[in-house]
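# Summary of structural features
Listed below are the residues making up each chain.
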Amino acid sequence: MEIKKVMVIGAGQMGGGIAQVCAQAGFEVLLNDMNVEALDKGLKRIEKLLARAVEKERISESDKADTLGRLVASSELKDAQNCDLVIEAVVENMAVKEKVFGELDTIVPKHAILASNTSSLPITEIAATTKRPDQVIGMHFMNPVPVMKLVEIIRGLQTSDETYKAIEDMTKKLSKVPVEVEDFPGFVANRILMPMINEAIYTVYEGVSSVEDVDTVMKLGMNHPMGPLTLADFIGLDTCLSIMEVLYEGFGDSKYRPCPLLRKYVKAGWLGKKSGRGFYQY
């Protein structure tokens, strides 16, 4: 199956990034968000990123114009009726995702593939809300999408080989590196990353070291580009907590128990960079 027209649902940082790389790769893209203000903000962010790429001579002015010409704003799901692929990038909440996929299943053409950018939720469960579970798959992009090369492609229990191949081929057209992953809690990236972040939070919670020093140890001792607590702030502490809860519930193992300090910060509204305060102030 050839994918030509794509809808990306959710105009936030992840959805906007996915829409941008799809448009840059030559796909016709609908960027969808029910919140018109968020949609406008998402499109302006894409334009700003492309302008910066022109300044740094990574792309030409005509490349920028062509990319923006392939991007169309959408505020209604029914606009997906002619799409070959829909990539959902809404909030990391199973009930919300199930509602979106249930609606999309009645709108998109029979051949269309439905993909989720979920970072931890089970694709099999999401697929079960549709009548096409063989055409449902996970496409977990890394943040920031225009920069990071990896895409975890997650097979649900019923995902067909044909669906997988179509998404693998498309991922390569986006100049990304696809990695095949089975449908387990947290997949690969977050099953490894989040317990590390959680353990870093425990070292602060237990008074072992300060926030700054924990990050310094991991940067200078382990050659990480940024410390785990800085990274947690960039990801969003609410997102980190959500993923840890998926891991804890999915495996039932105490090693995945979210740190009480993480819960406390989220309850306080200290969500990281997006709220102005997390482990650091912004």
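None of the values given here were measured: they were computed from a predicted structure.

Looking only at helices and strands, the chain features eleven helices and eight strands. The C-alpha radius of gyration computed for the chain amounts to 19 Å, which stays within 12% of the reference 19 Å derived for 282 residues, consistent with globular compactness. Taken along the three principal axes of its C-alpha coordinates, the chain extends 55 × 45 × 30 Å. When burial is assessed residue by residue, the chain has 49% of its 282 residues classed as buried. Sequence-distant contacts in the chain: of pairs separated by 6 or more residues, those separated by 24 or more amount to 67%. Accessible surface, the chain as shown: approximately 13,900 Å² in total, 52% of it carbon and sulfur.

Turning our eyes to something else, we now look at the pairing of strand 6 (residues 136–141). For strand 6, the tally of buried residues reaches six of six residues, placing the bulk of the element in the interior. Of the two faces of strand 6, the one carrying Val 136, Gly 138 and His 140 and the one carrying Ile 137, Met 139 and Phe 141 are both buried. Examined bridge by bridge, strand 5 (residues 113–116) and strand 6 share three bridges and lie parallel to one another. Bridge assignment links Leu 114 to a residue of strand 6, and that residue is Val 136. For strand 6 and strand 7 (residues 150–155), the ladder comprises five bridges, and the chain directions are antiparallel. From the neighbouring strand, His 140 faces strand 7, where its bridge partner is Glu 152.

Ordered in space as 3-2-1-4-5-6-7-8, the eight strands form an open sheet in which the pairing is mixed. The sheet is open, and its two edges are formed by strand 3 (71–74) and strand 8 (177–182), each paired on a single side. Going from strand to strand, the sheet's axes swing by 25° on average, the running direction of each strand aside. Pairing analysis gives four bridges linking strand 4 (residues 85–88) to strand 5, with the strands arranged parallel. Paired with Val 86 across the strands is Leu 114, a residue of strand 5.

Between its first and last C-alpha atoms helix 7 (residues 189–205) spans 24 Å; for 17 residues at 1.5 Å apiece the expected length is 24 Å, and the two agree. Next to the buried residues of helix 7 lie strand 6, helix 8 (211–222), helix 9 (228–235), helix 10 (237–251) and helix 11 (260–267). Of the residues one or two after helix 7, Gly 207 is the one with positive phi, at around 75°.

On to the environment of Val 179. Within the secondary structure, Val 179 is located in strand 8. Judged by relative accessible area, which is 34%, Val 179 ranks as partly exposed. Val 179 sits 26 residues away from Ile 153 along the chain, and the two C-alpha atoms are 5.9 Å apart. Setting aside residues no more than four positions away along its own chain, Val 179 makes contact with Leu 150, Val 151, Glu 152, Ile 153 and Tyr 164.

Further remarks concern the nonpolar core. Formed by 35 residues in total, the largest nonpolar core has its most connected members in Leu 85 and Met 170. Among residues more than four places away in sequence, those in contact with Met 170 are Ile 3, Val 6, Cys 22, Phe 27, Leu 85 and Met 139.

Now for the pattern of salt bridges. Taken as a whole and judged by the stated rule, the model has twelve salt bridges. The residue Glu 92 makes a salt bridge to Lys 97 at a minimum N-O spacing of 3.6 Å. Lys 97 carries the same exposure label as Glu 92, and that label is buried. In this structure, the salt-bridge partner of Arg 155 is Glu 180, at a minimum N-O distance of 2.7 Å. Taken together, the residues span a long stretch of sequence, with Arg 155 in strand 7 and Glu 180 in strand 8 at a distance of 25 residues. A network of salt bridges, in which partner residues are shared, links Glu 88, Glu 92 and Lys 97.

The subject of this paragraph is unusual backbone geometry. Of note, the amide linkage connecting Asn 143 to Pro 144 takes the cis form, showing an omega dihedral of 0°. Residues other than glycine seldom take positive phi values, yet Phe 187 does so here, at roughly 55°. Following the sequence through the fold, Phe 187 ends up in the loop between strand 8 and helix 7. A relative accessible area of 3% means that Phe 187 is categorised as buried.

What follows deals with the environment of Pro 133. If you trace the backbone, Pro 133 turns up in the loop between helix 5 (123–127) and strand 6. Pro 133 has contacts with Ala 127, Gln 158 and Thr 159, leaving out every residue within four places of it along the chain.

What follows deals with the packing of helix 1 (residues 13–24) against helix 2 (residues 36–55). At their nearest, the axes of helix 1 and helix 2 sit 10 Å apart, and the two run at 55° to each other. With respect to helix 2, the element helix 1 is oriented oblique. Crossing angle aside, the handedness with which helix 1 passes helix 2 is right-handed. Seen from helix 1, the contacting residues are Gln 13, Gly 16, Ala 19, Gln 20 and Gln 24; seen from helix 2, they are Arg 45, Ile 46, Leu 49 and Leu 50.

Calculation notes
Position labels on residues start from 1 in each chain and follow its written sequence. Only residues with pLDDT of at least 70 are given local features in this predicted model, and only at 80 or more are side-chain atom pairs given and counted; all residues enter the totals for whole chains, interfaces and linings. The basis for the side-chain values is all heavy atoms of the structure; hydrogens and waters are excluded. Secondary structure follows DSSP: runs of H or I at least 4 residues long count as helices, runs of E at least 2 residues long count as strands, and numbering of each begins at the N terminus. Radius of gyration here uses only the C-alpha atoms, and the compact-globule reference equals 2.2 Å multiplied by the residue count raised to the power 0.38. Under the scheme applied here, a residue whose accessible area is under 20% of the maximum for its type counts as buried, over 50% as exposed, and between as partly exposed, the area being computed with a 1.4 Å probe on protein chains only. Every residue pair with non-hydrogen atoms within 4.5 Å of one another is taken to be in contact. Note that accessible areas follow from Shrake-Rupley with a 1.4 Å probe, and for residues the cover is restricted to the protein chains shown. Pairing between two strands is assigned when DSSP locates at least 2 bridges connecting them. Each axis is a line fitted through C-alpha atoms, taken for helices only over the stretch in contact, and angles between the N-to-C directions span 0 to 180 degrees. Helices are assigned an expected span. That span is 1.5 Å times one less than the residue count. Buried Ala, Val, Leu, Ile, Met, Phe, Trp, Tyr and Cys residues that are joined via side-chain atoms within 4.5 Å together make up what is termed a nonpolar core. Every case where a carboxyl oxygen of Asp or Glu lies within 4 Å of a side-chain nitrogen of Lys or Arg is listed as a salt bridge. An angle below 35 degrees is treated as roughly parallel, one above 145 as roughly antiparallel, one from 65 to 115 as roughly perpendicular, and anything else as oblique. With the far helix as reference, a near helix turned anticlockwise by less than a right angle produces a left-handed crossing, and one turned clockwise produces a right-handed crossing.

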